[in-house]
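Listed below, chain by chain, are the residues.
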Amino acid sequence: MITVLGRRARILAATTATAGLVLVAGCSSDDGGGSGKKTAAGGVELVEAGQLTTCTHLPYPPFQSEIDGKVQGFDVSLVDLVAEKLGVKQEILDTPFENFKTGAFLNSGQCDLAAAGMTITEERKKNVDFSDPYFDATQAVLADKKSGITSFADLKGKKVGAQAQTTGEEYAKSQGLDPVSFESSDAVLNGLRTGQVEAVVIDYPVVQGWLKDKATSDAFEVAEQVNTGEQYGITVKKGNTALLEAVDKALADAKADGTYKKLYEQWIGPYTPAAESGAPASPSAS
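Residues numbered from 1 in each chain as written. Predicted model: local features only at pLDDT ≥ 70, side-chain atom pairs only at ≥ 80, totals over all residues. Heavy atoms only, no water.

A.B. asks: For this particular structure, what's the right way to read the nonpolar core?
C.D. replies: Considering soluble globular proteins, one finds that nonpolar side chains tend to be buried as a cluster. Counting residues in each nonpolar core, the largest one holds 50 residues, and the members touching the most others are Leu52, Phe74, Leu86, Phe135, Leu142 and Trp210. Those residues within four positions of Leu86 in sequence are excluded, and the remaining contacts are Ala40, Ala41, Val44, Leu46, Leu52, Leu243 and Ala246. (Core = buried A, V, L, I, M, F, W, Y, C linked by side-chain atoms within 4.5 Å. Buried < 20%, exposed > 50% of the residue type's maximum accessible area, 1.4 Å probe, protein only. Contact = heavy atoms within 4.5 Å.)

A.B. asks: Quick question: what am I supposed to make of the environment of Lys238 here?
C.D. replies: Relative to the elements of secondary structure, Lys238 occurs in the loop between strand 16 (235–237) and helix 9 (241–257). You can call Lys238 partly exposed: its relative accessible area is 41%. Separated by 109 residues in sequence, Lys238 and Asp129 place their C-alpha atoms 5.0 Å apart. Non-local contacts of Lys238, meaning those with residues more than four positions away in its chain, are made with Lys125, Lys126, Asn127, Val128 and Asp129. A polar atom in the side chain of Lys238 sits 3.0 Å from the backbone oxygen of Lys125. Within the structure, Lys238 has its side chain in polar contact with the side chain of Asp129 (distance 3.0 Å). (Helix = DSSP H or I, 4+ residues; strand = E, 2+ residues; numbered from the N terminus. Polar contact = N/O pair within 3.5 Å; in protein donor to acceptor, adjacent residues only side chain to side chain.)

A.B. asks: How should the sheet that holds strand 12 (residues 160–163) be read in this particular structure?
C.D. replies: Taken together, five strands build an open sheet; the order of strands is 13-12-14-11-15 and the sheet is mixed. The outermost strands of the open sheet, each flanked by one partner alone, are strand 13 (180–182) and strand 15 (220–232). Direction aside, the axes of adjacent strands within the sheet are offset by 25° on average. Where strand 12 lies against strand 13, three bridges are found, and the strand directions are parallel. In the strand pairing of strand 13, Ala162 is matched with Ser181. Across the sheet, helix 6 (residues 185–193) touches strand 11 (135–144), strand 12, strand 13, strand 14 (199–203) and strand 15, and the angle it forms with strand 14 is around 160°. (Pairing = 2+ DSSP bridges. Axes fitted to C-alpha atoms, helices over the stretch in contact; angles between N-to-C directions.)

A.B. asks: Quick question: what am I supposed to make of the packing of aromatic side chains here?
C.D. replies: Think of a pair of aromatic rings as described by two things: how far the centres are apart, and how the planes are tilted against each other in angle. Under the defined criterion, the tally for this structure stands at 16 aromatic pairs. A ring pair is formed by Tyr134 and Tyr232, whose centres lie 6.2 Å apart and whose planes are at 55°; its orientation type is tilted. Remark: Tyr232 occurs in strand 15 and Tyr134 occurs in the loop between strand 10 (128–130) and strand 11; sequence separation between them is 98 residues. Exposure class is identical for Tyr134 and Tyr232. Each is buried. Every member of this aromatic cluster is reached through a ring pair, and the members are Tyr60, Phe63, Phe74, Tyr134, Phe135, Tyr232, Tyr260, Tyr264 and Tyr271. Geometry around Tyr260 places Lys255 over its ring, the cationic atom sitting 5.2 Å from the centre. (Phe/Tyr/Trp six-rings, centres within 6.5 Å; stacked < 30°, edge-to-face > 60°. Lys NZ or Arg CZ within 6 Å of the ring centre and 35° of its normal.)

A.B. asks: Quick question: what am I supposed to make of the state of the cysteines here?
C.D. replies: Covalent bonding between the sulfur atoms of two cysteines is what defines a disulfide. The tally for this structure, following the rule as stated, stands at one disulfide. Put simply, Cys55 and Cys111 are joined by a disulfide, and their sulfur atoms are 2.0 Å apart. Sign of the S-S torsion, about 70° for the bond between Cys55 and Cys111, identifies this disulfide as right-handed. Here Cys55, found in strand 5 (residues 51–56), pairs with Cys111, found in the loop between helix 3 (104–107) and strand 9 (113–114); they are 56 residues apart in sequence, far enough to count as distant. The same class applies to Cys55 and to Cys111, which are both buried. (Disulfide = S-S within 2.5 Å.)

Next comes the structure, spelled out in structure tokens:
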């Protein structure tokens with residue numbers, strides 16, 4: 001059951017997408033020194049005993065979204081692997097995306113890490129420490145089939161939408177566009193459906209998920225994918241070396257033992273060299 005704490009700040013139960021994965025709530029304790037800090041396996045300090053608290057921003061399928069009343073997705077499944085190694089469970093705090101740039105919720109001790117399909121940038125590195133990259137992403141232009149838009153260049157003079165505070169919005173602005181900003185990916189799609197905008201610029205995996213819906217694929221199409229060289233990373237508070245090492249170890253192990261490939265295919269799509277670079281073979285692939 002989901003406990004709602006407010007419009008943009010709420011704790012949500014995270015469920016693993018890995019078959020047979022068992023999350024153990026033990027192995028966590030206070031440090032005994034009166035400081036109130038909690039520790040997990042390997043001496044990693046946590047904000048709450050027995051849990052790994054993850055900041056995210058919902059919805060952002062296929063990375064994190066509510067499905068059947070539970071938060072699921074690619075990012076959720078990967079962080080579940082980190083939690084398993086620490087011997088704790090994962091809990092998710094839904095927060096505004098702008099907080100990820102500043103690391104505010106990490107610095108205030110509300111979250112241990114953040115996983116939100118977040119691109120690694122030099123600007124963001126000033127405020128948070130990033131894990132090793134775990135996903136290569138491209139931007140996509142999704143347009144109404146009747147709009148006549150067949151490429152990014154066609155967006156000039158058009159009403160374009162993007163999710164606020166994202167690299168998709170930043171890229172659109174860098175190319176001379178003045179995109180309409182929407183708070184979430186769901187709002188972006190709704191803006192396109194209701195004619196508020198003629199096209200949107202957003203990460204391709206999100207578009208790929210949208211196009212699995214027949215009504216969406218009948219009305220809209222990918223005009224172009226733009227390889228912006230983006231890579232996603234999980235963030236921790238600057239200087240939290242122990243947790244960062246645990247995250248990197250979980251990601252490396254998952255790639256080595258085939259778990260990453262399995263989760264990729266479950267949430268993203270076929271795991272091929274093209275998919276690894278963020279560009280599936282066909283724009284209409286699902």
